[in-house]
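Analysis of the macromolecular model
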Amino acid sequence: LAAAFCATVSFASWDKFPVLENHKGEIDVGTEFFKRGDRMWLTPYIGSRYTVMPNFELGLILPYFVNLTKNNVNGLANPMFMARYQFLPMLNAFLNVQVPTDYETCASSEWSFNFGAQYSQNFGVVNFGAELGLTVNTSGEDKVSPPLKLNFGAEADFNLDVPLTPFIGADAFMWLGKFTYDGENVGVSHTGDFAVRPYVGLKYAITPNVSVQASAMTILGDEEVILSEMDVSDTPIMADFKIKMAF
């Protein structure tokens, strides 16, 4: 459950905005902090994306899990491979694939595929981006796979003509269907089980090619979605800090 929870709250698409210009790229180096009750962990990560041809962007994120409440449960978490294609000025298609690694750490033993579309538009000082997708997981070593997961979200960045850019957003998740064991449906239907992850943050441009970004978020909703092996009286708290370098 802890491994699946990490996959739930961790990395989504690189962003919800248009792909980079042809032969432009970006490297992100950062860490994500998670706390719920007495349980805490860090997920340092490095990621890179690059537009290999006009309107087609490839990306990779490598996260590493550090358990702060249990010794010797550290290691590489599930890497994520990403592809985005901007088929219209305001619309992208995307595919994210999480690859299983050592599930003894905060990584799951199944493959995860997330695909969908993104819409973005500039409204004066507001740069708006939205996403609609579907997540499908294979069964792992336990032969269990969760229901399909519908994910949708939006973000607004406020361009104030200064180096500091505040932003707000939210990602929501809704399950569709039942759990399966060895390919057979089990238990009750979880269709409609829902959770939302609101977040707020700041971006600061140090130079035209280097910036830092900090954000804070939480998760609210059905415990079946955000996983109930932790104390339900404790609200999850997450923070993310990264350095972004364009090239």
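Computed from a prediction, not measured in an experiment: that's the story for all the values here.

In this section: the overall build of the protein chain. Secondary structure assignment for the protein chain yields 2 helices and 17 strands. By the burial criterion, 42% of the 247 residues in the protein chain qualify as buried. Accessible area for the protein chain stands at about 12300 Å²; split by element, carbon and sulfur atoms hold 65% of it.

As paired elements, strand β1 (residues 25–36) and strand β17 (residues 237–246) share 10 bridges and run antiparallel to each other. If you follow glutamate 32 over to β17, its bridge partner there is aspartate 240.

Overall, antiparallel pairing links the 3 strands, which are arranged β9-β12-β13 in an open sheet. Two strands in the sheet have a free side with no partner beyond their single neighbour: β9 (144–145) and β13 (184–186). Examined bridge by bridge, strand β12 (residues 179–181) and β13 share 3 bridges and lie antiparallel to one another. Residue tyrosine 181 lies in a different strand from β13, and its bridge partner there is glutamate 184.

With that out of the way, let us pick up the side chain of threonine 165. Mapped onto the elements, threonine 165 comes out in strand β11 (residues 164–176). Since its relative accessible area comes to 14%, threonine 165 is described here as buried. Excluding residues within four positions of it along the chain, threonine 165 makes contact with Asp157, Phe158, Asn159, Gly201, Leu202 and Lys203.

What describes a pair of aromatic rings is the distance from one ring centre to the other and the angle between the planes of the rings. If you walk through the whole model with that rule in mind, you get 7 aromatic pairs. The rings of Phe34, Trp41 and Phe65 are connected pair by pair, giving a single aromatic cluster.

Once that is clear, we can look at the nonpolar core. Of all hydrophobic cores here, the largest spans 11 residues; its members are Phe34, Trp41, Phe65, Val73, Ala77, Phe167, Ala195, Tyr199, Met217, Ile219 and Met238. Counting 5 residues, the second-largest nonpolar core is a separate cluster that includes Trp14, Ile61, Met80 and Met82.

In total, this model carries 12 salt bridges according to the counting rule given. A salt bridge links glutamate 26 to arginine 49; its shortest N-O distance comes to 3.1 Å. With a gap of 23 residues between them, glutamate 26 in strand β1 and arginine 49 in strand β2 (residues 39–53) connect regions that are remote in the sequence. Across this residue pair, the class does not change: glutamate 26 and arginine 49 are buried. Between lysine 203 and aspartate 157 there is a salt bridge; the shortest N-O distance is 2.6 Å. Taken as a pair, lysine 203 in strand β14 (residues 194–207) and aspartate 157 in strand β10 (residues 148–158) lie far apart in primary sequence, 46 residues in all. Judged by its relative accessible area of 5%, aspartate 157 falls in the buried class. Via salt bridges that share partners, Asp15, Glu26, Asp28, Arg49, Glu57, Arg84, Asp240, Lys242 and Lys244 belong to a single interconnected network.

Moving on, we come to the confidence of the model for the protein chain. Low-pLDDT stretches of the model should not have their predicted coordinates read in fine detail. Confidence in the prediction for the protein chain averages 86 pLDDT; 87% of positions are at 70 or higher. At the level of individual helices and strands, the protein chain shows its lowest average pLDDT in helix α1 (residues 2–9), which scores 47, and its highest in strand β15 (residues 210–217), which scores 96. A low-confidence stretch, residues 1–9 (pLDDT under 50), is modelled with 25 contacts involving residues beyond four sequence positions or located in other chains.

Next up on the list: the environment of leucine 164. The topology assignment puts leucine 164 in strand β11. Those residues in contact with leucine 164 that sit more than four places away from it in its chain are Leu202, Lys203 and Tyr204.

Criteria and cut-off values
Residues numbered from 1 in each chain as written. Predicted model: local features only at pLDDT ≥ 70, side-chain atom pairs only at ≥ 80, totals over all residues. Heavy atoms only, no water. Helix = DSSP H or I, 4+ residues; strand = E, 2+ residues; numbered from the N terminus. Buried < 20%, exposed > 50% of the residue type's maximum accessible area, 1.4 Å probe, protein only. Areas by Shrake-Rupley, 256 points an atom, 1.4 Å probe, with all protein chains shown as cover. Pairing = 2+ DSSP bridges. Contact = heavy atoms within 4.5 Å. Phe/Tyr/Trp six-rings, centres within 6.5 Å; stacked < 30°, edge-to-face > 60°. Core = buried A, V, L, I, M, F, W, Y, C linked by side-chain atoms within 4.5 Å. Salt bridge = Lys/Arg side-chain N within 4 Å of Asp/Glu carboxyl O. pLDDT = per-residue confidence, 0-100.

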